[in-house]
Amino acid sequence: MDPVVIPILVAAIVVVFLVASAVRIVPQARRYNIERFGRYRRTLQPGLNLVLPVADRVNTKLDVREQVYSSDPRPVITEDNLVVNIDTVLYYQITDPRAAAYEVADYLQAIDQLTVTTLRNVIGSMDLEETLTSREEINSRLRAVLDDATGKWGIRVNRVEIKAIDPPHTIKEAMEKQMRAERDKRAAILHAEGERQAKILTAEGTKQKDILEAQGTQQAMILRADGEAKAVELVFQAVHRNNADPKVLAYKYLETLPHLASSDNNTFWVIPGELTEAVRTVTRAFGDQSTAASPQPERPQEDGTVDADDTSRAGRVPELDAGSTVSLDAAAAADEAGKQAAAAVSDARAEAEAAMSPQVPRRGQSSGD
């Protein structure tokens, strides 16, 4: 080999080594701290960077993305002297690579120890129940303390979360019993409240039902009274319009008497005191007609006139209405009306006695048999 070629090859190798040592390619979201002869020089940014070969070297390579650090469960004593195990989750980000490399030896260990001490100070001022229900307050207080302490380390704490709080097993059992008793209490209260509402609704429904029934009865009575009033008014108007005389009214009165005891349920029957007066009125009315009819000339019968012979052949007293005249003899009519009234009274009295004493047969039934 030519002795000139060997130095050229050695020189080329040295040049390639120097060029390779002078070029540094930094990935995205990474930061390189450069030291020149053991002293911090600068921080390389992402991309292609040139350094002095042999003189400059990379001391630390840091990731500036947000990172998550989960600590192991640590025992913490509460204000009521209960030991609980608490583990936390920390979200942090490196904002100053130089401070993170030179201000603290191990920033993760420093953050972990600071989190434990701060957590013990915060939990030590709370009892167990407050600790379990005040996670937001604990997180905010932890974040404030850690952010203030790690600022000079070039680290920003974005968020601190309590992942789990584990009380002792006996405390868990007591809490479960308390929770079960509280749920049973709420269930009993809800059941009692439901029964109360059901009774109230039932009472209101019964009240509304009674009110509606009473209103319906009232309306029915009012309508019935109105109907009876209108019926009486129509009868009154018909009587006055047809100009009914006392003979017709007395005869209708006697005609109604036998119906007073027609029901089988009647055990007591009162004979009106006006019965004799009604009989006397009928007798007087027909007697006046008999005396007044003899001197009067014979008049032709109208369409509504009843023949006395036909009435006597039928064996009954003719019904008197407002538009008819009776040509029956006065004495015979009075005698017949008195007989019928007496028979009606006797029949009604016999039926009343038969209803009061079932062993005694009724007069009407014995005569009919």
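Residues numbered from 1 in each chain as written. Predicted model: local features only at pLDDT ≥ 70, side-chain atom pairs only at ≥ 80, totals over all residues. Heavy atoms only, no water.

In this section: the overall build of the protein chain. A tally of helices and strands in the protein chain yields eleven helices and nine strands. Going through the 369 residues of the protein chain one by one, you find that 26% of them count as buried. For the protein chain, restricting intrachain contacts to residue pairs at least 6 apart in sequence, the fraction spanning at least 24 positions comes to 62%. (Helix = DSSP H or I, 4+ residues; strand = E, 2+ residues; numbered from the N terminus. Buried < 20%, exposed > 50% of the residue type's maximum accessible area, 1.4 Å probe, protein only. Contact = heavy atoms within 4.5 Å.)

This part takes up the nonpolar core. Grouped together as the largest cluster of nonpolar side chains are 29 residues, with contacts concentrated most on Ile86, Leu90, Leu119, Ile138 and Ile155. Taken together, the elements giving at least two residues each to this core come down to strand S8 (83-94), helix H3 (107-123), helix H5 (135-150) and strand S9 (155-166). Among the elements that line this core, the one with the most residues is H3, at seven residues. Sequence-distant contacts of isoleucine 155, that is, excluding residues within four places in its chain, are made with Tyr92, Gln93, Ile94, Thr95, Tyr107, Ile111 and Thr150. Grouped together as the second largest cluster of nonpolar side chains are five residues, Val26, Tyr32, Ile34 and Leu44 included. (Core = buried A, V, L, I, M, F, W, Y, C linked by side-chain atoms within 4.5 Å.)

Here the focus is the packing of aromatic side chains. Summed over the entire model, instances satisfying the criterion amount to two aromatic pairs. Residues tyrosine 40 and tyrosine 102 carry aromatic rings whose centres are separated by 5.6 Å and whose planes lie at 65° to one another, so their mutual orientation is edge-to-face. Taken as a pair, tyrosine 40 in strand S3 (residues 39-44) and tyrosine 102 in helix H2 (residues 97-102) lie far apart in primary sequence, 62 residues in all. The class for tyrosine 40 is partly exposed, based on a relative accessible area of 29%. (Phe/Tyr/Trp six-rings, centres within 6.5 Å; stacked < 30°, edge-to-face > 60°.)

Next up on the list: a nonpolar patch on the surface. A contiguous nonpolar patch, built from Ile6, Val10, Val14, Phe17, Leu18 and Val54 and spanning about 560 Å² of accessible area, is present on the exposed surface. Secondary-structure assignment places valine 14 in helix H1 (residues 5-22). (Patch = residues over 30% accessible without salt bridge, like charges linked within 9 Å, V, L, I, M, F, W, Y side chains within 5 Å. Areas by Shrake-Rupley, 256 points an atom, 1.4 Å probe, with all protein chains shown as cover. Salt bridge = Lys/Arg side-chain N within 4 Å of Asp/Glu carboxyl O.)

The residue aspartate 80 is located in the loop between strand S7 (74-77) and S8 in this model. Between the C-alpha atoms of aspartate 80 and glutamate 129, which are 49 residues apart in sequence, the distance is 9.8 Å. Setting aside anything within four residues of it in sequence, one finds aspartate 80 in contact with Asp127 and Leu128. A distance of 3.3 Å separates a polar side-chain atom of aspartate 80 from the backbone nitrogen of leucine 128. (Polar contact = N/O pair within 3.5 Å; in protein donor to acceptor, adjacent residues only side chain to side chain.)

With that settled, the discussion passes to the confidence of the model for the protein chain. Averaged over all residues, the pLDDT of the protein chain equals 75, while 66% of them reach at least 70. Residue range residues 289-331 is modelled with pLDDT below 50. Its contacts to residues more than four positions away, or to other chains, number 36 contacts. Counting contacts from residues 358-369, a segment whose pLDDT is below 50, to residues more than four positions away or on other chains yields eight contacts. (pLDDT = per-residue confidence, 0-100.)

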